[in-house]
Amino acid sequence: MTTTQTTSPANTPASLGGRAPKTPVIAFLGTGRMGGPMAVNLARGGFQLRVWNRTSSRAAALAGHGAFVAHTPAEAAQSAGILITMLADGPATERAANGPDGFLARCPGLIWVQMATIGARWSAQLAVAAARHGVTFVDAPVSGSQGPAEAGQLIILASGPDRVRDVLNPVFGALGRATVWLGPAGDGTRAKLVLNSWLVDLVEATAEALSFAGRLGLDPASIVELLQSTPLGSPYAVQKATAMLAGDFTPAFALKHAVKDAELAVQAAYGLGTHLPLTEALLPRWRHTALEHADDDLSAVYITA
Ligand SMILES: NC(=O)c1ccc[n+]([C@@H]2O[C@H](COP(=O)([O-])OP(=O)(O)OC[C@H]3O[C@@H](n4cnc5c(N)ncnc54)[C@H](OP(=O)(O)O)[C@@H]3O)[C@@H](O)[C@H]2O)c1
């Protein structure tokens, strides 16, 4: 069954007015482009926070928001009841959990909320590892990029046991504008794979259309205007088209992560004996573009379209 919990104004970080809700201490691992603002919103929401990041300078700013900055994942997890991972990918998450300074073996009873995009196989593997250590695994990737992360407007694709919903809903309420509970752990990641396969196909279609327009002798900007005036132009496509034409590839969603997500979707389909022809077709050129533009926004694929 699908339950949607929309964040009410009364539950926004600002309206909490710094009062700490009755909730366990939260450990937050990975203060990158997404994790940094997410952690800030938790601190602003009054949650007691312990953060860790591989590059500690990237976590230092959280101290100004009252967070304890730990040197290792294990140290961050000490005394935490909830631990959130927002690291780059499956291998980085696995290392934070099971590596020499990992948290998993040290924290029985913990609720581990995995929010990065790591794919179905990693999610299943980490759920098994968590269960082995008496840790409850919640798979809750997010939809929305840096802007929504900063504004606390993410969509949380939550999946996991029903018993943790009450304790996690206020946490998700500080991070996003809606939480969709999808079913058992793993369903969140499966939904995320579908959304990001849609997203990369849309960005590829946008890049190709602008490039095609230019080759036809049209002003690509006039095509963006046309798209905006029809139901064809989704706000996301128009936003990316505008960035493409401006040559502004300031990262909101890094191309390297988009390539990872396209690969995760293709692999998941392959594992089911099926194919994603559109997503498969864009990958070779996107990988090639990422050789020079890995840390640019995914709209940089326009350069090679
Ligand atoms: N950006 C988006 O629009 C968006 C939207 C939804 C979901 N996501 C997903 O959210 C996750 C984080 O994305 P992001 O945009 O925040 O990425 P990011 O800015 O590149 O941050 C990645 C984080 O992972 C850490 N990391 C990378 N490799 C590591 C390793 N080997 N060991 C330990 N830590 C490592 C980084 O630490 P350092 O600071 O030390 O490099 C940083 O904390 C990704 O799975 C991404 O696909 C992104």
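Predicted model, so just to flag it, every value in this text is computed and none were measured.

Novice: Can you walk me through the pattern of salt bridges in this structure?
Specialist: Pairing between side chains of opposite charge can happen when the charged atoms of each approach one another. In this structure the tally under the stated criterion is seven salt bridges. The shortest N-O distance in the salt bridge between Asp187 and Arg190 comes to 3.0 Å. Within this pair, Asp187 and its partner Arg190 are both found in helix H9 (residues 187-215), separated by three residues, close to a single helical turn. Asp261 is paired through a salt bridge with Lys260; the nearest N and O atoms lie 2.7 Å apart.

Novice: Where do I start with the packing of aromatic side chains in this structure?
Specialist: Two measures describe an aromatic ring pair: the distance that separates the ring centres and the angle between the ring planes. Inspection of every chain in the model, using the stated rule, returns three aromatic pairs. Each ring, one from Phe103 and one from Trp112, has its centre 5.0 Å from the other, and the planes form 85°; the classification is edge-to-face. Each member of the pair, Phe103 as well as Trp112, carries the same accessibility label: buried. Taking the centre distance of 5.9 Å and the plane angle of 45° together, the rings of Phe172 and Trp181 count as tilted. As far as burial versus exposure is concerned, Phe172 and Trp181 are alike and both buried. Among the aromatic residues, ring-to-ring pairing joins Phe103, Trp112 and Phe137 into one connected group.

Novice: Sorry, what's going on with the site of the ligand here?
Specialist: Neighbouring residues of the ligand: 24 residues in total, closest Arg33, Met34, Asn53, Thr55 and Ala88. Here the element with the most residues in the shell around the ligand is helix H12 (residues 255-271); it accounts for three residues. Counted by class, the shell around the ligand contains nine nonpolar, nine polar and six charged residues.

Criteria and cut-off values
- Residues numbered from 1 in each chain as written.
- Predicted model: local features only at pLDDT ≥ 70, side-chain atom pairs only at ≥ 80, totals over all residues.
- Heavy atoms only, no water.
- Salt bridge = Lys/Arg side-chain N within 4 Å of Asp/Glu carboxyl O.
- Helix = DSSP H or I, 4+ residues; strand = E, 2+ residues; numbered from the N terminus.
- Phe/Tyr/Trp six-rings, centres within 6.5 Å; stacked < 30°, edge-to-face > 60°.
- Buried < 20%, exposed > 50% of the residue type's maximum accessible area, 1.4 Å probe, protein only.
- Near = heavy atom within 4 Å.
- Nonpolar A, V, L, I, M, F, W, Y, C, P; charged D, E, K, R; others polar.

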